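Remarks on the overall topology
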Amino acid sequence: MSARLLLIDDDARLTGMVGDYLRAAGFEVSTAGNLAQAREALAHGRFELLVLDLMLPDGDGLDFCRSLRGDPRWRHQPVLMLSARGEPMDRILGLELGADDYLGKPFEPRELQARIKALLRRLEPKLDGDEVLRFGRLEIDLAARVARLDGKICDLTSHQFDLLVVLAQSPGRVLSRDQIMDALKGHPLEAFDRSIDVHISRIRAVIEDDAKNPRRVLTVRGAGYVFARKQDADADAA
């Protein structure tokens, strides 16, 4: 599946040109000309990356980035910030407020594409030649269909393993119950409708150090679940 990008910039000529360039490179691109449109897009879709301009007609990109990091639904949303401001302090502030990368204007579309690809690669879960997802002490072996914590096999049913894989393959992204259901098409509905919560509880019981205070599979109230991108030693930053 192509990576979905949201370009947030009030320069229609720029977003048109850059959007066409990135679509030709295989990305799915949506655009927003202001922060209100960006919030609307985020409320109705999921994006692998936001490309966010610093100066927008209805607000400041820095404040928007800060608000994303303060909202459990978007805390882990990858952001690449753009700005015509060339001051080092602007770059520092952008990165300190949670941007994952920063690119000054004017820029070459090819450089933006390269940065996007590099950022998406960096944020992907580590997958080795044996198809094993690794998150600190937790390993999910896709070929063997087992999960291991500290090298010991976790006692999961086939359904629970598939549910864990759906979450782990989208680290840092909030998945609603409907999105989880869509990803698990082909499984008996009775196993996954409202009982998803029960399955999550059972998964936590075997992969968490403290199931009542989970650090791997997190609940986002009113939205769904998110698999933490950073775990164990980095859990406080997750």
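Going by what an unreviewed UniProt entry lists, the chain is known as Response regulator and is assigned to Pelomonas nitida.

Attention now goes to a nonpolar patch on the surface. Taken together, the side chains of Met-89, Ile-92 and Leu-93 present a nonpolar region at the surface, about 250 Å² in accessible area. Positionally, Leu-93 belongs in helix α4 (residues 88-96). By relative accessible area, Leu-93 is classed as partly exposed at 32%.

Further remarks concern the side chain of Asp-9. Mapped onto the secondary structure, Asp-9 falls in the loop between β1 (4-8) and α1 (12-24). Note on Asp-9: relative accessible area 5%, which makes it buried. A polar contact is formed between the side chain of Asp-9 and the backbone nitrogen of Asp-11, at a distance of 2.8 Å. Excluding anything up to four places from it in sequence, Asp-9 contacts Leu-14, Thr-15, Ala-32, Gly-33, Asp-53, Leu-56, Leu-82 and Lys-105.

Turning next to the sheet that holds strand β6 (residues 79-83). With respect to topology, five strands assemble into an open sheet ordered β2-β1-β3-β6-β7, the strand pairing being parallel. Among the strands making up the open sheet, the edge pair consists of β2 (28-32) and β7 (101-104). The mean inter-strand angle of the sheet, taken between neighbouring strand axes irrespective of direction, is 20°. One ladder, built from five bridges, connects β1 with β2; its direction is parallel. Bridge pairing in β2 links Ile-8 to Ala-32. Lying over the sheet, α4 contacts β6 and β7, oriented at roughly 150° with respect to β7.

With respect to the helices and strands, the residue Leu-49 is situated in strand β3 (residues 49-53). A relative accessible area of 0% means that Leu-49 is categorised as buried. When the C-alpha atoms of Leu-49 and Val-79 are compared, they prove to be 5.7 Å apart, with 30 residues separating the residues in sequence. In this structure Leu-49 touches Arg-4, Leu-5, Leu-6, Gln-77, Pro-78, Val-79, Leu-80, Ile-116, Leu-119 and Leu-120, once residues within four positions along its chain are discounted.

This part covers the nonpolar core. Ile-140, Leu-164, Leu-167, Ile-180 and Phe-227 are the most contacted members of the largest nonpolar core, which totals 25 residues. Those elements that provide at least two residues to this core are β9 (132-135), β10 (138-141), β11 (146-149), α6 (158-168), α9 (196-207) and β14 (224-227). Per element, the largest residue contribution to this core is seven residues, and it comes from α6. Ignoring sequence-local partners within four residues, the contact set of Ile-140 consists of Glu-131, Val-132, Leu-133, Val-146, Ala-147, Phe-161, Leu-164, Val-165 and Ala-168. Core analysis: the next-biggest nonpolar cluster, separate from the first, contains 21 residues, Leu-35, Ala-38, Leu-50 and Leu-56 among them.

Per the stated rule, a full pass over the model turns up 16 salt bridges. The shortest N-O distance in the salt bridge between Arg-66 and Asp-63 comes to 2.7 Å. One end of the pair is Arg-66 and the other is Asp-63, both in helix α3 (residues 61-69) and three residues apart, which spans about a single turn. A salt bridge links Asp-100 to Arg-69; the nearest nitrogen and oxygen atoms lie 3.5 Å apart.

What counts, and at which threshold
- Residues numbered from 1 in each chain as written.
- Predicted model: local features only at pLDDT ≥ 70, side-chain atom pairs only at ≥ 80, totals over all residues.
- Heavy atoms only, no water.
- Patch = residues over 30% accessible without salt bridge, like charges linked within 9 Å, V, L, I, M, F, W, Y side chains within 5 Å.
- Areas by Shrake-Rupley, 256 points an atom, 1.4 Å probe, with all protein chains shown as cover.
- Salt bridge = Lys/Arg side-chain N within 4 Å of Asp/Glu carboxyl O.
- Helix = DSSP H or I, 4+ residues; strand = E, 2+ residues; numbered from the N terminus.
- Buried < 20%, exposed > 50% of the residue type's maximum accessible area, 1.4 Å probe, protein only.
- Polar contact = N/O pair within 3.5 Å; in protein donor to acceptor, adjacent residues only side chain to side chain.
- Contact = heavy atoms within 4.5 Å.
- Pairing = 2+ DSSP bridges.
- Axes fitted to C-alpha atoms, helices over the stretch in contact; angles between N-to-C directions.
- Core = buried A, V, L, I, M, F, W, Y, C linked by side-chain atoms within 4.5 Å.

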